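# Understanding the architecture of this molecule
Here's the letter readout for the chains.
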Amino acid sequence: MNSKANSTNCSINNIYKLDGRVPVGKAIPFGLQHILAMFVSNLAPITIIAGAAKPALSAAQIGLLLQNAMFVAGIATLIQLYPLWKIGSRLPVVMGVSFTFVTVLSTISANYGYPAVIGAVLIGGIFEGTLGLMAKYWRKLITPIVAASVVTAIGFSLFTVGTRSFGGGYHDDFGSAQNLILGTVTLITCLLWNILAKGYLKQLSVLAGLVVGYAAAIFMGKVDLSLIMSGGVIAFPRLLPFKPEFHIGAIVSACIIFLVSAAETIGDTSALVSGGLGREITGEEISGSLACDGYASAISSIFGCPPVTSFSQNVGLVAMTKVVNRFTIMTGAVCMILAGLLPPVGNFFASLPDAVLGGCTIMMFGTILTSGMQMIADSGFSQRNIVIASLSLSIGIGFTTASESGIWGIFPPVVQTVFSANVVAVVFVVAVILSLILPKDMDVKKLDETK
């Protein structure tokens, strides 16, 4: 009897290990938690980019893209978990359509049309994927203090995302009493679950918050249940819904933003390994994650969708729960694929109100910031590291604050588009430059001067 109980406990404890089988019934709630945490954010960028297109896309076309995006995100997550050759990191990385590309791709969509977006993403994805496979040649540029600074910047950049969701998202009722109540109820549920639950159940606090928040949203009339069964029962992904078009300006802009996305991916995976596995990331893991980011984005373009990349929301969830088991996260990826094949499943996930999501994510995003701070501490507080971290963060956060964005006014439009509102990109560039130009023996010189 005791051996059976010990075996069960061992299986449950595998959720805190990268490999090892977890009972399906126990794995699904944790996998589902990951998908719910990112689902709305995975779909929103497509709506924005498609909405900017000239000529405009129809509602049916946008619906098809949303369906395809869910399917592609699930496939890309599986490749990260279980690599194909050198493509994939073997890390519990959840993939989805990123907001990083929204500004640039919306501009391309408005200037050249949506087919040009597809062409630019196809070339840009191949560019990043190939860059990832060659990571061993440039990996030394990403020193521990550079990665730590980028992770810290990601934490800062997500605070406004969490706040926007908490207040109701990009809707007319942002900041309404109903949204604030929903966000607060969800957040309190997460906190109480974290305090009162025992054992591995404690790590399901986000799922508990989402369930209670969703129920409260239904009671408050914030969920249209009739939409869940719209779109039929089953729908297969459609290849090449748009024929790609190639414009050199669009391709160059996309490749630049893919470099920014690569910096975020390095930061995301570094934070995940540090916060979830308690070690530094390896060169092979960086190479595999970037290769998957790029080539999966190229595949995404074939389905008519924007690029997919690692989701910072889920990095925060891993840092908070320490659940890193690949099989467990795989069940979430399967749920995402099913959501892409079964419209009612996808519609159910998509009906989750922003305020409910915000109530959960506002705490998760804080854990990314603290992971970055921990990584800075682990890098050591040498004079050189202090200069790199403090200057890159002060420039990155200060120069990208909305009220100060005019500081970029003298730069070309492409520079403004890439950097003016992207704290992660600015921090990455400044940190890499400082890491290259600052002398390695700064502390030794300072010590000699004091003598």
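The present account deals with the structure reproduced in this document. (Residues numbered from 1 in each chain as written. Predicted model: local features only at pLDDT ≥ 70, side-chain atom pairs only at ≥ 80, totals over all residues. Heavy atoms only, no water.)

### Some remarks on the overall build of the protein chain
Check the secondary structure of the protein chain and you find 18 helices and 2 strands. In terms of C-alpha radius of gyration, the protein chain reaches 22 Å, essentially the compact-globule figure of 22 Å for 451 residues. Dimensions of the protein chain, computed from the C-alpha atoms along their principal axes, are close to 75 × 65 × 50 Å. A sequence separation of at least 24 residues applies to 82% of the contacts in the protein chain between residues at least 6 apart. (Helix = DSSP H or I, 4+ residues; strand = E, 2+ residues; numbered from the N terminus. Rg over C-alpha atoms; globule rule 2.2 N^0.38 Å. Contact = heavy atoms within 4.5 Å.)

### Section: the side chain of S274
Along the chain, the position of S274 falls in helix α9 (residues 248-277). For S274, a relative accessible area of 19% corresponds to the buried category. Discounting chain neighbours no more than four positions away, the residues touching S274 are R279 and M375. (Buried < 20%, exposed > 50% of the residue type's maximum accessible area, 1.4 Å probe, protein only.)

### Digging into helix α6 (residues 144-166)
If you check α6, its first and last C-alpha atoms are 33 Å apart, about what 23 residues at 1.5 Å a residue would give, namely 33 Å. Among the residues trailing α6, G168 stands out with phi positive, at a value near 120 degrees. (Expected span 1.5 Å × (residues − 1).)

### Quick look at a nonpolar patch on the surface
Nonpolar side chains collect at one region of the surface, where L141, V429, I433, L436 and I437 lie side by side and expose about 450 Å² of accessible area between them. When you line up the elements, V429 lands in helix α17 (residues 423-437). (Patch = residues over 30% accessible without salt bridge, like charges linked within 9 Å, V, L, I, M, F, W, Y side chains within 5 Å. Areas by Shrake-Rupley, 256 points an atom, 1.4 Å probe, with all protein chains shown as cover. Salt bridge = Lys/Arg side-chain N within 4 Å of Asp/Glu carboxyl O.)

### Some words on the environment of S351
Structurally, S351 can be placed in the loop between α13 (343-350) and α14 (354-379). The buried category is assigned to S351, whose relative accessible area is 17%. Note: C-alpha distance between S351 and L391 (40 residues apart in sequence) is 42 Å. Excluding residues within four positions of it along the chain, S351 makes contact with Y214 and V223.

### Some points on the packing of aromatic side chains
For the structure shown, the criterion picks out 7 aromatic pairs. A centroid spacing of 6.0 Å and a plane angle of 65 degrees characterise the contact between F156 and F159, whose relative ring orientation is edge-to-face. In this pair, F156 and F159 are both assigned in helix α6, 3 residues apart and thus about one turn of the helix distant. Note on W408 and F419: the rings are 6.1 Å apart at their centroids and 10 degrees apart in plane angle, and the pair reads as stacked. Taken together, the positions of W408 in the loop between α15 (383-399) and α16 (413-419) and F419 in helix α16 put the pair 11 residues apart, joining distant regions of the chain. Taking the relative accessible area as the measure of exposure, W408 reaches 9% and is therefore buried. (Phe/Tyr/Trp six-rings, centres within 6.5 Å; stacked < 30°, edge-to-face > 60°.)

### Remarks on the pattern of salt bridges
Under the defined criterion, the tally for this structure stands at 4 salt bridges. The partner of R326 in a salt bridge is D19, with the nearest N and O atoms 2.6 Å apart. Linking R326 in helix α12 (residues 326-341) with D19 in the loop between α1 (2-13) and α2 (24-51), this pair joins segments that are 307 residues apart in sequence. Of the residues examined, R326 reaches a relative accessible area of 9% and is grouped as buried. Here R279 ties to E285 by a salt bridge, and the two come within 2.7 Å at their closest N and O atoms. The exposure class assigned to E285 is buried, which follows from its relative accessible area of 9%. One salt-bridge network, held together by shared partners, links D19, R90 and R326.

### Some points on the packing of α6 against α15
Viewed as axis vectors pointing N to C, α6 and α15 meet at an angle of 30 degrees, and their least axial separation amounts to 10 Å. Considering the angle they form, α6 stands roughly parallel to α15. Both α6 and α15 take part in a crossing whose hand is right-handed. Here I145, S149, T152, A153 and F156 of α6 come into contact with α15, specifically with N385, I388, A389, S392, L393 and I397. Its residues assigned to classes, the contact of α6 with α15 comprises 7 nonpolar, 4 polar and no charged. (Axes fitted to C-alpha atoms, helices over the stretch in contact; angles between N-to-C directions. Parallel < 35°, antiparallel > 145°, perpendicular 65-115°, else oblique. Left-handed = near helix turned anticlockwise from the far one by under 90°. Nonpolar A, V, L, I, M, F, W, Y, C, P; charged D, E, K, R; others polar.)

### Focus on the environment of S403
Considering the arrangement of structural elements, one finds S403 in the loop between α15 and α16. Residue S403 is classed as exposed on the basis of its relative accessible area, which comes to 59%. Among the polar contacts listed, one links the side chain of S403 to the side chain of E404, at a separation of 2.9 Å. (Polar contact = N/O pair within 3.5 Å; in protein donor to acceptor, adjacent residues only side chain to side chain.)

### Points about the side chain of S297
Within the element layout of this structure, S297 appears in helix α10 (residues 283-302). Apart from residues lying up to four places away in sequence, S297 is in contact with V121, G125, F258, C292, P307 and V308.

### Side note on unusual backbone geometry
Peptide bonds are trans in most cases, and residues, glycine excluded, mostly fall at negative phi. For the bond from K54 to P55, the omega torsion is 0 degrees, close enough to zero to count as cis. Mapping P55 onto the fold places it in the loop between α2 and α3 (59-81). You will see that R90, though not glycine, has its phi angle at about 65 degrees, which is positive. The residue R90 is located in the loop between α3 and β1 (95-97) in this model. You can call R90 partly exposed: its relative accessible area is 36%.

### Quick notes on the packing of α9 against α10
Packing of α9 against α10 brings their axes to within 10 Å, and their N-to-C directions diverge by 135 degrees. By the angle between their axes, α9 is oblique relative to α10. In this structure, the crossing between α9 and α10 has a hand that is right-handed. In this structure, α9 contributes F258, S261, A262, T265, I266, T269 and V273 to the contact, and α10 contributes E285, I286, S289, L290, D293 and S297. Looking at the contact of α9 with α10, its residues break down into 6 nonpolar, 5 polar and 2 charged.

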